[in-house]
Amino acid sequence: MKVTDKITITNEDNMELMSRYEDNYFDLAIVDPPYGINAGKMTMGSGKHKFSKDKVWDEGIPSAEYFKELFRVSKNQIIWGGNYFTEILPPTPHWLVWDKKNPNLSFAEGELAWVRNGKNLRIYQKYSARSEEFGGKIHPTQKFVKLYEWQLDNYAKQGDKILDTHLGSGSIAIACHNRGYELTACELDKEYYEASIKRINQQIAQQRLF
């Protein structure tokens, strides 16, 4: 689906999407694959499931073939949860740290992203439980639009083609729209795909009013 002239999002398996592109077609892949920790079934301390606990998208990690294909079609990669994929990913000095500024120490205080070509270790700080974004939270592992804008500002340049193989809530699409980047992305889960398309379109429409 062509969301804008620069943003294309499909409801399909990421291996099918990547198979259509030549080597090094994308300048930068920013991906947030499943970590294999069953995040979709967590209550995040509330004792209640805000999202469907029946979804099984986070039972395991992506295959080695997924990462091989990701490296084939993109020149550089930012892979969130890279610390869960150390048996597959090569060592790198380039890591991103999302410092969640979380006062509840029963949860992780941050998340890590593996970067192939980067700027040594870089830290982004934002309280994870604060919901300030248009449309609210529609995915259990949703990341902030500003986090994606920060990645684009530091690791992409105008004219770059961006790839996301696990769209989730669509935050990266909003960030790419805000920064003027071309994005190709996919989401396998139809419910999340439709919710993210709705969120993205609402955000773009809201921006046009001002």
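Since this is a predicted model, take the numbers as computed values, not measurements. (Residues numbered from 1 in each chain as written. Predicted model: local features only at pLDDT ≥ 70, side-chain atom pairs only at ≥ 80, totals over all residues. Heavy atoms only, no water.)

**Q** Could you clarify how one ought to interpret the packing of aromatic side chains in this entry?
**A** For any pair of aromatic rings, geometry is given as the distance between the ring centres together with the angle between the planes. The full count for this structure, using the stated rule, is 10 aromatic pairs. Relative to Phe 67, the ring of Tyr 66 has its centre 5.0 Å away and its plane inclined at 75°; by these criteria the two rings are edge-to-face. A relative accessible area of 3% places Tyr 66 in the buried class. Ring centres 5.3 Å apart and planes at 50° place the aromatic pair Phe 67 and Phe 85 in the tilted group. Of this pair, Phe 67 sits in helix α2 (residues 64-73) while Phe 85 sits in the loop between β3 (74-80) and β4 (95-99), and the two are 18 residues apart along the sequence. Members of the aromatic cluster, joined through ring pairs, are Tyr 35, Tyr 66, Phe 67, Tyr 84 and Phe 85. (Phe/Tyr/Trp six-rings, centres within 6.5 Å; stacked < 30°, edge-to-face > 60°. Buried < 20%, exposed > 50% of the residue type's maximum accessible area, 1.4 Å probe, protein only. Helix = DSSP H or I, 4+ residues; strand = E, 2+ residues; numbered from the N terminus.)

**Q** What is the right way to read α2 from this model?
**A** Along an α-helix, residues three or four positions apart point the same way, because every turn accommodates 3.6 residues. Among all positions in α2, only Tyr 66, Phe 67, Glu 69, Leu 70, Phe 71 and Val 73 are buried. Against α1 (14-19), β2 (26-31), β3, β5 (110-115) and β7 (161-164) lie the buried residues of α2. (Contact = heavy atoms within 4.5 Å.)

**Q** What is the right way to look at the nonpolar core in this model?
**A** Soluble, globular proteins show a tendency: their nonpolar side chains are buried together. One finds Ile 9, Ile 78, Ile 79 and Ile 162 to be the most contacted residues of the largest nonpolar core, which totals 53 residues. In terms of residue count, helix α3 (residues 145-155) provides more of this core than any other element does, 6 residues in total. Not counting residues up to four positions away in its chain, the partners in contact with Ile 162 are Phe 26, Leu 28, Leu 152, Ala 156, Ile 172, Cys 176, Tyr 181, Glu 182, Leu 183 and Thr 184. (Core = buried A, V, L, I, M, F, W, Y, C linked by side-chain atoms within 4.5 Å.)

**Q** Any chance you could explain the sheet that holds β2 here in plain terms?
**A** Strand pairing in a sheet is mediated by backbone hydrogen bonds. Such pairs are either parallel or antiparallel. Strand order in the open sheet formed by 8 strands is β1-β8-β7-β2-β3-β5-β4-β6, and the pairing between neighbours is mixed. Of all strands in the sheet, those with a lone pairing partner are β1 (7-10) and β6 (122-125), marking the two edges. Taken over all neighbouring pairs, the strand axes of this sheet differ in orientation by 15° on average, direction set aside. Sheet topology places β3 next to β5; 3 bridges connect them, and they run antiparallel. (Pairing = 2+ DSSP bridges. Axes fitted to C-alpha atoms, helices over the stretch in contact; angles between N-to-C directions.)

**Q** Can you walk me through the environment of Gln 207 in this structure?
**A** Considering the arrangement of structural elements, one finds Gln 207 in helix α5 (residues 190-208). With relative accessibility at 28%, the residue Gln 207 sits in the partly exposed group. The sequence separation of Gln 207 and Asn 178 amounts to 29 residues, and the corresponding C-alpha distance is 9.5 Å. Beyond its immediate stretch of four places on either side in the chain, Gln 207 contacts His 177 and Asn 178.

**Q** Help me out: how do you make sense of the environment of Thr 4 in this one?
**A** Here Thr 4 shows up in the segment before β1. Its relative accessible area of 15% is what places Thr 4 among the buried residues. Residues Thr 4 and Glu 182, spaced 178 residues apart in sequence, show a C-alpha to C-alpha distance of 9.4 Å. Not counting the four nearest positions on each side in its chain, Thr 4 is found in contact with His 177 and Ile 204. Side-chain polar atoms of Thr 4 contact the backbone nitrogen of Ile 7, separated by 3.1 Å. (Polar contact = N/O pair within 3.5 Å; in protein donor to acceptor, adjacent residues only side chain to side chain.)

**Q** Could you clarify how one ought to interpret the environment of Ser 63 in this entry?
**A** Topologically, Ser 63 is positioned in the loop between β2 and α2. Given a relative accessible area of 36%, Ser 63 falls into the partly exposed group. The sequence separation of Ser 63 and Phe 85 amounts to 22 residues, and the corresponding C-alpha distance is 9.6 Å.

**Q** What should I look at first to understand unusual backbone geometry in this one?
**A** Working note: non-glycine residues mostly have negative phi, and peptide bonds are mostly trans. A positive phi angle, near 50°, is found at Lys 101, a position not held by glycine. When you line up the elements, Lys 101 lands in the loop between β4 and β5. Positive phi outside glycine occurs at Asn 120, with the angle close to 60°. Within the fold, Asn 120 resides in the loop between β5 and β6.

**Q** What is the right way to look at the pattern of salt bridges in this model?
**A** Close approach of charged atoms allows side chains of opposite charge to pair. Summed over the entire model, instances satisfying the criterion amount to 10 salt bridges. The residue Lys 75 makes a salt bridge to Asp 27 at a minimum N-O spacing of 3.2 Å. Remark: Asp 27 occurs in strand β2 and Lys 75 occurs in strand β3; sequence separation between them is 48 residues. Among the ionic pairs, Arg 179 bridges to Asp 153, the shortest N-O distance being 2.8 Å. With Arg 179 in helix α4 (residues 171-179) and Asp 153 in helix α3, the pair connects residues that are 26 residues apart, well separated along the chain. Looking at Arg 179, the relative accessible area reads 30%, which means it is partly exposed. (Salt bridge = Lys/Arg side-chain N within 4 Å of Asp/Glu carboxyl O.)

Don't take any of this as a statement about function, it's just geometry.
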